[in-house]
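Structural features, examined
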Amino acid sequence: MIKIGILALQGDFDAHRKALGAYPSCFVSLVRSPEELDDLHGLILPGGESTTIGKLMVRHGLLERIQSRAAYGMAIYGTCAGLILLASEIVDSEQTRLGLMDITVARNAFGRQLDSFEANVDFPTIGTDPVRAVFIRAPYVTQFGEGVEELARFEDRVVAVRQGKILGTAFHPELTDDHRVHGLFVDMCSQ
Ligand code: GLN
């Protein structure tokens with residue numbers, strides 16, 4: 001049984017719980033306290049407001065515990081605000097972050113006109129059919145280090161990355177019926 005927790009401090013954590021329902025080999029729990037991280041194989045950081053989630057992670061004693069569990073091999077998947085929280089650098093921001101990925105992200109980076117939109121995005125790691133990517137005030141990855149693999153791009157902007165057992169997407173697969181990105185994460189958790 002693969003145990004996956006979803007950080008449930010703020011944001012769209014319930015949509016992730018539903019998406020993981022497609023993988024009956026997973027036991028899924030909601031995480032709000034440090035002890036709830038203890039025996040997880042993987043953790044999902046949902047979309048929401050990254051500044052709020054960052055503050056709440058500190059208040060709930062989760063920030064350092066997530067960092068140390070990641071150092072011992074727990075897989076992590078961040079969507080949108082979750083991707084921002086994983087980044088080592090955030091353009092023009094000193095906000096709290098986990099800093100577990102060697103990436104720079106720009107927040108709200110698609111501009112006002114494109115606040116929320118959907119697009120087909122090629123994601124070769126999970127198959128030949130593109131994913132229907134839902135972007136909501138999304139960030140993108142402006143730079144990444146050598147250990148980081150680019151998984152998907154939209155109009156020349158990097159929108160999905162992986163570094164070892166850490167996965168991040170600027171968009172929200174949990175808001176569609178296509179659960180292949182979650183499937184990739186489930187595979188990462190079982191490695
Ligand atoms: N714009 C939000 C932030 O910067 C992220 C939006 C989202 O998670 N959909 O935290």
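As shown above, the structure is provided for reference.
Anyway, here's the lowdown on the structure attached to this text. Remember, predicted model here, so these are calculated numbers, not experimental data.

Bringing the overall build of the protein chain into the picture now. Counting secondary structure elements, the protein chain contains five helices and twelve strands. Against the compact-globule benchmark of 16 Å for 191 residues, the protein chain has a radius of gyration of 15 Å, which places it among compact chains. Counting only residues that meet the buried cut, the protein chain has 54% of its 191 residues in that class. Here the analysis covers contacts within the protein chain between residues at least 6 apart in sequence; of these, 67% occur between residues at least 24 apart. Working note: accessible area of the protein chain is about 8700 Å², and carbon and sulfur atoms make up 46% of it. Charge-centre separation for the protein chain: the mean point of 18 positive side chains lies 5 Å from the mean point of 25 negative side chains.

Lining the immediate surroundings of the ligand are Gly-47, Gly-48, Glu-49, Ser-50, Cys-80, Ala-81, Ile-84, Arg-107, Asn-108, Ile-136, Arg-137 and His-172. A distance of 2.7 Å is found between an oxygen atom of the ligand and a side-chain nitrogen or oxygen belonging to Arg-107. Between a nitrogen atom of the ligand and a main-chain N or O atom of Arg-137, the distance comes to 3.0 Å. Coverage of the ligand by the protein chains reaches 97% of its 300 Å² of free accessible surface. Here the residues of the shell around the ligand sort into four nonpolar, five polar and three charged.

Our next topic: the pairing of strand E3 (residues 42-45). Looking along a regular strand, one sees side chains alternate from face to face of the sheet. Of the two faces of E3, both are covered, the one formed by Gly-42 and Ile-44 as well as the one formed by Leu-43 and Leu-45. Across four bridges, E3 lies against strand E4 (residues 75-79) in parallel orientation. Bridge pairing in E4 links Leu-43 to Ile-76.

Here we take up the environment of Gly-42. Among the secondary structure elements, Gly-42 is positioned in strand E3. A relative accessible area of 0% places Gly-42 in the buried class. Separated by 123 residues in the primary sequence, Gly-42 and Lys-165 place their C-alpha atoms 9.0 Å from one another.

On to the pattern of salt bridges, then. By the definition in use, this model includes nine salt bridges. Among the salt bridges present, the one from Lys-18 reaches Asp-14, with a minimum N-O distance of 3.1 Å. Of this pair, Lys-18 and Asp-14 are both found in helix H1 (residues 13-20), four residues apart, which corresponds to roughly one turn of the helix. You can call Asp-14 partly exposed: its relative accessible area is 29%. Close ionic contact of Asp-38 with Arg-65 constitutes a salt bridge, the shortest N to O distance being 3.2 Å.

A few words now on the nonpolar core. One finds Met-57, Ile-66, Phe-123, Phe-135 and Val-159 to be the most contacted residues of the largest nonpolar core, which totals 70 residues. The leading source of residues in this core is helix H5 (residues 180-189), at six residues. In this structure Val-159 touches Phe-110, Val-121, Phe-135, Tyr-140, Ala-152, Arg-153, Phe-154, Gly-168, Thr-169, Ala-170 and Phe-171, once residues within four positions along its chain are discounted.

Cut-offs and rules
- Numbers given to residues run from 1 along each chain, matching the order in which its sequence is written.
- Two thresholds apply to this predicted model, a pLDDT of at least 70 for residue-level local features and 80 or more for giving and counting side-chain atom pairs, whereas whole-chain, interface and lining totals are computed over all residues.
- The side-chain numbers reported here are obtained from all heavy atoms of the structure, hydrogens and water having been left aside.
- In this description a helix means any DSSP run of H or I spanning at least four residues, a strand means any run of E spanning at least two, and both kinds are numbered starting from the N terminus.
- Computation of the radius of gyration draws on C-alpha atoms alone. For the globule rule, the value is 2.2 Å times the number of residues to the power 0.38.
- Remark: exposure states derive from per-residue accessible area (1.4 Å probe, protein chains only) relative to the maximum for the residue type, with buried under 20%, exposed over 50%, and partly exposed in between.
- By the convention used here, residues are in contact when the closest approach between their heavy atoms is within 4.5 Å.
- In this description, accessible areas are obtained by the Shrake-Rupley approach with a 1.4 Å probe, and a residue is regarded as covered only by the protein chains that are shown.
- Neither His nor the chain ends is counted toward charge; the positive residues are Lys and Arg and the negative residues Asp and Glu.
- Lys charges are placed at NZ, Arg charges at CZ, Asp charges at CG and Glu charges at CD.
- Distances are taken per atom, and a residue is near a molecule or strand as soon as one of its heavy atoms is within 4 Å of it.
- The term polar contact refers here to a pair of N or O atoms within 3.5 Å; inside protein, the definition further demands a hydrogen-donor-capable atom paired with an acceptor-capable atom, and it admits residues adjacent in sequence only when both atoms are side-chain atoms.
- Under the convention adopted here, Pro, Cys and the residues Ala, Val, Leu, Ile, Met, Phe, Trp and Tyr are nonpolar, Asp, Glu, Lys and Arg are charged, and Gly plus all remaining residues are polar.
- Any two strands with at least two DSSP-identified bridges between them are counted as paired.
- Here a salt bridge means any side-chain nitrogen of Lys or Arg lying within 4 Å of a carboxyl oxygen belonging to Asp or Glu.
- The definition of a nonpolar core used throughout is a set of buried Ala, Val, Leu, Ile, Met, Phe, Trp, Tyr and Cys residues joined through side-chain atoms within 4.5 Å.

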